[in-house]
Amino acid sequence: MTGTGLSIQQVAHGYGAGAGRVEVLHDVSLAAAPGELVAVAGPSGSGKSTLCHLAAGFETPERGTVTVDGRPADAVADWSVVAVVPQQHGLLAGLSVEDNICLPAYRAGVDPVAALARLAEALDLGAFTRRGVRETSLGEQQRTAVARALVLAPRLAVLDEPTGHQDDDHVAQVAAVLVGAAHAGSAVLVATHDSRVWEVADRVVHLDEGRVTAL
Ligand SMILES: Nc1ncnc2c1ncn2[C@@H]1O[C@H](COP(=O)(O)OP(=O)(O)OP(=O)(O)O)[C@@H](O)[C@H]1O
Ligand SMILES: [Mg+2]
């Protein structure tokens, strides 16, 4: 069944063939409805990033279905529908913080001024928006990627370890921004080891060796 928001149904996925084959996800089903913040927890190598890539539509599941608002995720190429914070942030190093955050809005022909101001304030980026991304810290780059993911208030935001480079205060800011995005109607899927993010999530899904072990 596919509904609104993110729907992952009986997905199996792996990489390679023959002796080098790696089975990563086994019969994984989960959903994130509009307005819902769902955290995915699990040890390193359990398949969290793989699940994020499938939800983002970066990869096509070998078995099962992944849909966003009823459409296959890999057919969505619209940042206002699905926006992503990859584990390695994926910023354009030649651009400023501000231009990275606003790029989805520029492409969509949307005025980003209000969203930029709100996100820069909420994520403590105000002092560096004009600075080149190369001249910012890893934590600042990570918060820039979070702001970029939320600038268009997407139907689904997928964030892979978005607090990995943050101190306590900035973890709280990122968590608050994710809660705010969900309250504003986005479905939010966040892969995270961080219990401070689990605490603000509506649900925590545990992955263990590619299987959902608890809901
Ligand atoms: N392209 C690939 N080819 C082969 N194996 C892969 C590939 N991508 C991931 N894997 C393997 O799939 C498993 C799950 O990887 P994944 O990156 O999803 O884990 P993760 O839960 O995100 O881990 P971490 O917490 O370290 O980020 C790992 O064993 C990894 O080595
Ligand atoms: Mg990962």
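Quick summary incoming for the structure in this document. None of these values were measured; they are calculated from a predicted model.

What about the coordination of the magnesium ion (ligand 2)?
Within the protein, the magnesium ion (ligand 2) binds to Ser49 (OG) and Gln87 (OE1); these donor distances fall in the range 2.0 to 2.3 Å. Taken together, the positions of serine 49 in helix H1 (residues 48-56) and glutamine 87 in the loop between strand E6 (82-85) and helix H2 (97-108) put the pair 38 residues apart, joining distant regions of the chain. Among the residues examined, serine 49 registers a relative accessible area of 19% and is labelled buried. Of the residues examined, glutamine 87 reaches a relative accessible area of 41% and is grouped as partly exposed.

Concerning the site of ligand 1
As a matter of local geometry, ligand 1 sits amid Tyr15, Val24, Pro43, Ser44, Gly45, Ser46, Gly47, Lys48, Ser49, Thr50, Gln87 and His193. The separation between an oxygen atom of ligand 1 and a polar main-chain atom of serine 46 is 3.2 Å. Contact distances for ligand 1 include 2.7 Å between an oxygen atom and a side-chain N or O atom of threonine 50. Starting from 640 Å² of accessible surface for ligand 1 in isolation, the protein chains cover 60%. If you tally residues by element for the shell around ligand 1, the top one is H1, at three residues. Class assignment of the residues belonging to the shell around ligand 1 gives a composition of three nonpolar, eight polar and one charged.

Here we look at the pattern of salt bridges
If you walk through the whole model with that rule in mind, you get seven salt bridges. The closest approach of N and O atoms between arginine 196 and aspartate 194, which form a salt bridge, is 2.9 Å. By relative accessible area, which is 31% here, arginine 196 ends up partly exposed. Linked by salt bridges that have partners in common, Arg21, Glu23 and Glu62 make up one network.

As for the side chain of aspartate 160
If you trace the backbone, aspartate 160 turns up in strand E7 (residues 156-160). Although aspartate 160 lies buried, it forms no salt bridge, and the closest oppositely charged side chain, lysine 48, sits 6.7 Å away as judged by the N-O distance. Polar side-chain contacts of aspartate 160 include one of 2.5 Å to the side chain of serine 49.

Observations concerning the packing of H2 against helix H4 (residues 138-150)
Remark: H2 packs on H4, axes separated minimally by 7 Å, with the N-to-C direction vectors making an angle of 25°. Accordingly, the angle class assigned to the pair H2 and H4 is roughly parallel. Judged by the sense of rotation from one axis to the other, the crossing of H2 with H4 is right-handed. Contacts between H2 and H4 involve Val97, Asn100, Ile101 and Pro104 from the former and Thr144, Ala147 and Arg148 from the latter. Its residues placed into classes, the contact of H2 with H4 shows four nonpolar, two polar and one charged.

Some words on the side chain of glutamine 142
Relative to the helices and strands, glutamine 142 is located in helix H4. When neighbours within four sequence positions are excluded, glutamine 142 is seen to be in contact with His89, Glu161, Pro162, Thr163, Gly164, His165 and Gln166.

As for the packing of H4 against helix H5 (residues 168-183)
At a minimum axis distance of 11 Å, the contact between H4 and H5 shows a crossing angle of 5°. In terms of axis orientation, H4 runs roughly parallel to H5. The residues of H5 that touch H4, namely those facing Arg143, Val146 and Leu150, are His170, Gln173, Val174, Val177, Leu178 and Ala181.

Observations concerning the pairing of E6
Neither face of E6 is open: one carries Val82 and Val84, the other Ala83 and Val85, and all of them are buried. Where E6 meets E7, four bridges bridge the pair, whose relative direction is parallel. Bridging across to E7, valine 84 finds its partner in valine 158.

As for the nonpolar core
Val146, Leu150, Leu159 and Leu178 are the most contacted members of the largest nonpolar core, which totals 37 residues. At the level of secondary structure, the elements contributing two or more residues to this core comprise strand E3 (37-41), E6, H2, helix H3 (113-122), H4, E7, H5 and strand E8 (187-191). If you look at the next biggest cluster of nonpolar residues, it comprises 29 residues, including Val38, Val68, Ala73 and Val82.

Here is what the cut-offs are and how they apply
Residues numbered from 1 in each chain as written. Chains lettered and ligands numbered in written order. Predicted model: local features only at pLDDT ≥ 70, side-chain atom pairs only at ≥ 80, totals over all residues. Heavy atoms only, no water. Donors = N, O, S within 2.8 Å, 3.2 Å for Na, K, Ca; no water. Helix = DSSP H or I, 4+ residues; strand = E, 2+ residues; numbered from the N terminus. Buried < 20%, exposed > 50% of the residue type's maximum accessible area, 1.4 Å probe, protein only. Near = heavy atom within 4 Å. Polar contact = N/O pair within 3.5 Å; in protein donor to acceptor, adjacent residues only side chain to side chain. Areas by Shrake-Rupley, 256 points an atom, 1.4 Å probe, with all protein chains shown as cover. Nonpolar A, V, L, I, M, F, W, Y, C, P; charged D, E, K, R; others polar. Salt bridge = Lys/Arg side-chain N within 4 Å of Asp/Glu carboxyl O. Lys, Arg positive; Asp, Glu negative; His and termini not counted. Axes fitted to C-alpha atoms, helices over the stretch in contact; angles between N-to-C directions. Parallel < 35°, antiparallel > 145°, perpendicular 65-115°, else oblique. Left-handed = near helix turned anticlockwise from the far one by under 90°. Contact = heavy atoms within 4.5 Å. Pairing = 2+ DSSP bridges. Core = buried A, V, L, I, M, F, W, Y, C linked by side-chain atoms within 4.5 Å.

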